[in-house]
Amino acid sequence: MEHPLTGYLNSYADSENKRHILGAELYNFLIFCKVNIPQDASYDYYSATQDKKDNEALVYARYFLYPLRRIVSDPDYKIYYRSDPLNESGYKLFKTFRDFGVILKKEQ
Amino acid sequence: MGGLIAALLSIELIGIFFTLLIFKVLKYETSLGELLSLAFFYGTGIIVFELFLLYSFGVYFNFRDIIVLLLALLIMTPILFVKFFPKIKYQSIKLDSWLFESLFFLILFLVIVIEIVVIIFMIPPILAYCRDSVAIYAFKAKIFYFNSGIPKDFFKWSEATVGAPGYPLLLPLIMTWVYEFTGFNDAIVSKLMPLFFCVFLIIFYVLLKKYFNRKYALLGIFLFATMPQVERVTCVILSDLILTIFVTLAFIYYMFFLKDGEFKYLIISSLLFGFSLWTKDEAILFSGVFIVSLFFYLKDNFKQKLWKYLAIAFFIIFICYLPWFLTKKFNHMVNTSDVNLSVITFRQAINNIKSLPVFLNQLRIQVFALEYWNIFWIILITAIILKRDLLFKGKNKYITLFIVMTIAAHFLAYMFIASEGRSRSILITATPRYLVHFIGCFIFLLLYLLRDSNLIQD
């Protein structure tokens, strides 16, 4: 972990700080999600593994994406980051982001 | 930055109003330092209590409401306390000349100043580097701010939506209050904890000076300010520091009560214990032990006032806790799935004993490892061993009783409520934070033992 003082002394702009914490790749993907998903919608988030780093990324993602609300049961959207979407019945492909991000949308 | 200063001033103003009222009723003579610094923490408690009550009555708040409230207080304070009441005696704060006469104490003073500067500048400009800061506190503050209060169905939200919904809300609510002044700015709000830390150093000094003398007070805040565990919880947004502050202050006022037997100290202490219940659930242990310890003290020393004093202390704490207790009860809330107060089994405790070596190893690391400030613990342990006779002599036994019972209660609570398989990881991450909760009380105990040895000349 980088020492917090480094971040402070570099005086990052706010967006730069978030990019620094989340990593540029995830940050850009979350921006993409925020722009494309309606603000009152719900979502669930999946990433490749369930290790500690991914869990932390989920915490930051949940914070960053609010007012989008994460729920695990029957969300409006499913966000996949570096993870292949499962064959989800009732969901269709909504958007893709480069080769590592996929958003599925619930079929009406 | 101007918004943050305005937010802090508003907390201070509300605190001064409330503290003056309490001091007036109790006929409590105070110094300016004690009044201003205690007012900050009472102000914090009052604001959180008020915001939560607004939620309970379905009232949403905004910046305009806050300004109206502050203006009303600004007008009422001088009317109430200057016109209708006699003046409270204040002692002015003087730059202590002895400080510069003694090289050793000058060095202590400079180290504290350096520590404050480091802590203020070490805070990263966003709420980062601590998962719990974001998951439990910052996220809730963001939700409350964008909803102008606590959303109606918030306490029904699942853990997937918001982390640890059953955690007490002091920190998220006070962050929301700051956001009302600064706008949503999670860079500036991260400066809140160092400010709590600095204000605490002032009141810790003032109270230790009042109980012991200036040299002990300086030594006390030196030990507190340079503790690595304290530094770590100050550099992230965690409730542990605020719990430590409330509990330490409540404990010291309780010590004044034991020393002088004056009722006013009991009231001030009970209020602080009550507000501490909004910081973290561990505060229940401190408040419970306080009531038990008070019972034994009153039974031995104030038999005729035993039930009256005990009932008043309990009532104050209960009233402070009631809104949160009812909310938790009616919403069937648990802290997290890992720490569930509603599922307490003896079998779980037996199983968790397997984690004991992990806990002891963590304790060893925190107390003796080279990267930590271990001189304090070594001095404390040495003082306890050498002065063990004092620990149970006269009124000292109530100090010892309080500390031993709270440590035992912490340990037992986690043995009973940590879910199987999770106690190990919980103990690893939580042990340093638990130590922080006790540091203020431990420092007081150490100074108490040192004073009896006359190691520092008055």
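Residues numbered from 1 in each chain as written. Chains lettered and ligands numbered in written order. Predicted model: local features only at pLDDT ≥ 70, side-chain atom pairs only at ≥ 80, totals over all residues. Heavy atoms only, no water.

## Let's talk about the overall build of chain B
The helix and strand tally for chain B stands at 20 helices and zero strands. Taking all 458 residues of chain B together, 61% fall into the buried category. Once local pairs closer than 6 in sequence are excluded, the contacts in chain B between residues at least 24 apart make up 81%. Surface accessibility of chain B: about 18900 Å² in total, with carbon and sulfur atoms responsible for 69%. (Helix = DSSP H or I, 4+ residues; strand = E, 2+ residues; numbered from the N terminus. Buried < 20%, exposed > 50% of the residue type's maximum accessible area, 1.4 Å probe, protein only. Contact = heavy atoms within 4.5 Å. Areas by Shrake-Rupley, 256 points an atom, 1.4 Å probe, with all protein chains shown as cover.)

## Here we look at the overall build of chain A
Helices and strands together make up the secondary structure of chain A, namely four helices and five strands. Starting at the N terminus, the α and β elements of chain A follow one another as α-α-α-β-α-β-β-β-β. For chain A, the residues scored as buried account for 43% of the 108 residues in total. For chain A, the share of sequence-separated contacts (at least 6 apart) that also reach a separation of at least 24 residues comes to 62%. As presented, chain A carries roughly 6000 Å² of accessible surface, and 49% of it is formed by carbon and sulfur atoms.

## Remarks on unusual backbone geometry
Glycine aside, a negative phi is what most residues show, and trans is what most peptide bonds show. The omega torsion across A:Y66 and A:P67 is 20°, close enough to zero to call that bond cis. Its location among the elements puts A:P67 in the loop between α4 (52–65) and β2 (69–70). Even without a glycine there, the phi angle at A:R98 is positive, about 45°. The residue A:R98 is located in the loop between β4 (91–97) and β5 (101–106) in this model. At B:A164, a residue that is not glycine, the phi angle is positive and equals roughly 45°. Secondary-structure assignment places B:A164 in the loop between α6 (131–146) and α7 (170–182). Given the relative accessible area of 3%, B:A164 is considered buried.

## A short note on the packing of helix α2 (residues 32–56) of chain B against α7(B)
Residues and elements named next belong to chain B. Two numbers describe how α2 lies on α7: the axes approach to 9 Å, and their chain directions differ by 90°. When the axis of α2 is compared with that of α7, the two are roughly perpendicular. Listed contacts from α7 to T44, I47, V48, L51 and F52 of α2 are L170, L173, I174 and W177. Considering only residue class, the contact of α2 with α7 consists of eight nonpolar, one polar and no charged. (Axes fitted to C-alpha atoms, helices over the stretch in contact; angles between N-to-C directions. Parallel < 35°, antiparallel > 145°, perpendicular 65-115°, else oblique. Nonpolar A, V, L, I, M, F, W, Y, C, P; charged D, E, K, R; others polar.)

## Concerning the sheet that holds strand β1 (residues 42–47) of chain A
All names here are of chain A. Across the sheet, which stays open at both edges, the five strands sit in the order β2-β1-β3-β5-β4 with mixed pairing between neighbours. Two strands close off the open sheet at either side, each with one partner strand: β2 and β4. Bridge count for strand β3 (residues 77–81) against β5 is five bridges, and the pairing is antiparallel. Across the sheet, residue Y81 finds its bridge partner in β5, namely G101. Its contacts with the sheet put helix α3 (residues 24–36) on β1, β3, β4 and β5, and the angle it makes with β4 is roughly 130°. (Pairing = 2+ DSSP bridges.)

## Remarks on the packing of helix α13 (residues 283–301) of chain B against helix α14 (residues 306–330) of chain B
A packed helix pair is summarised by two numbers, namely the angle formed by the two axes and the spacing between the axes. Residues and elements named next belong to chain B. Orientation of α13 relative to α14, taken along the N-to-C sense of each, is 170°, at an axis distance of 9 Å. Judged on the interaxial angle alone, α14 and α13 are roughly antiparallel. In this structure, α13 uses I284, S287, F290, I291, L294, F295, L298 and K299 to contact α14, whose residues at the interface are L306, W307, Y309, L310, A313, F314, I317 and Y321. Split into classes, the residues belonging to the contact of α13 with α14 amount to 14 nonpolar, one polar and one charged.

## Some words on the packing of aromatic side chains
The tally for this structure, following the rule as stated, stands at 73 aromatic pairs over all chains. For A:K95, the ring lying beneath its charged end belongs to A:F94, and the centroid distance is 5.7 Å. Positioned above the aromatic ring of B:Y211 is the side chain of B:K259, whose terminal nitrogen or guanidinium carbon lies 4.5 Å from the ring centre. (Phe/Tyr/Trp six-rings, centres within 6.5 Å; stacked < 30°, edge-to-face > 60°. Lys NZ or Arg CZ within 6 Å of the ring centre and 35° of its normal.)

## Quick notes on the confidence of the model for chain B
For chain B, the average pLDDT comes to 82, and 87% of its residues sit at 70 or higher. For chain B, the element scoring lowest by mean pLDDT is helix α4 (residues 97–101) of chain B, at 62; helix α12 (residues 263–276) of chain B scores highest, at 94. (pLDDT = per-residue confidence, 0-100.)

## A closer look at the side chain of A:S42
Residue and element names in this part refer to chain A. Topologically, S42 is positioned in strand β1. For S42, a relative accessible area of 9% translates into the label buried. Those residues within four positions of S42 in sequence are excluded, and the remaining contacts are R69, I71, P75, D76 and Y77.

## Quick notes on the environment of B:F314
If you trace the backbone, B:F314 turns up in helix α14. Residues B:F314 and B:G274 lie 40 residues apart in sequence; the distance between their C-alpha atoms is 9.1 Å.

## Topic: the pairing of β1(A)
All names here are of chain A. Taking burial as the measure, the six residues of β1 include five buried ones, the bulk of the element. In this structure, β1 lies alongside β2, joined through two bridges in parallel fashion. Note on β2: the bridge partner recorded for S42 is R69. In this sheet, β3 lies alongside β1 in parallel orientation, the contact comprising five bridges. Of the residues in β3, the one forming a bridge with D44 is K78.

## Structural notes on the pairing of β3(A)
Burial of β3(A) is extensive: five of the five residues sit out of reach of the surface. Residues A:Y77, A:I79 and A:Y81 of β3(A) are buried on one face, and the alternating residues A:K78 and A:Y80, pointing to the opposite face, are buried as well.

## Thoughts on α12(B)
With 14 residues, α12(B) extends 20 Å from end C-alpha to end C-alpha; this agrees with the ideal 20 Å at 1.5 Å per step. Summarising burial for α12(B): 13 of the 14 residues are buried, a large majority. (Expected span 1.5 Å × (residues − 1).)

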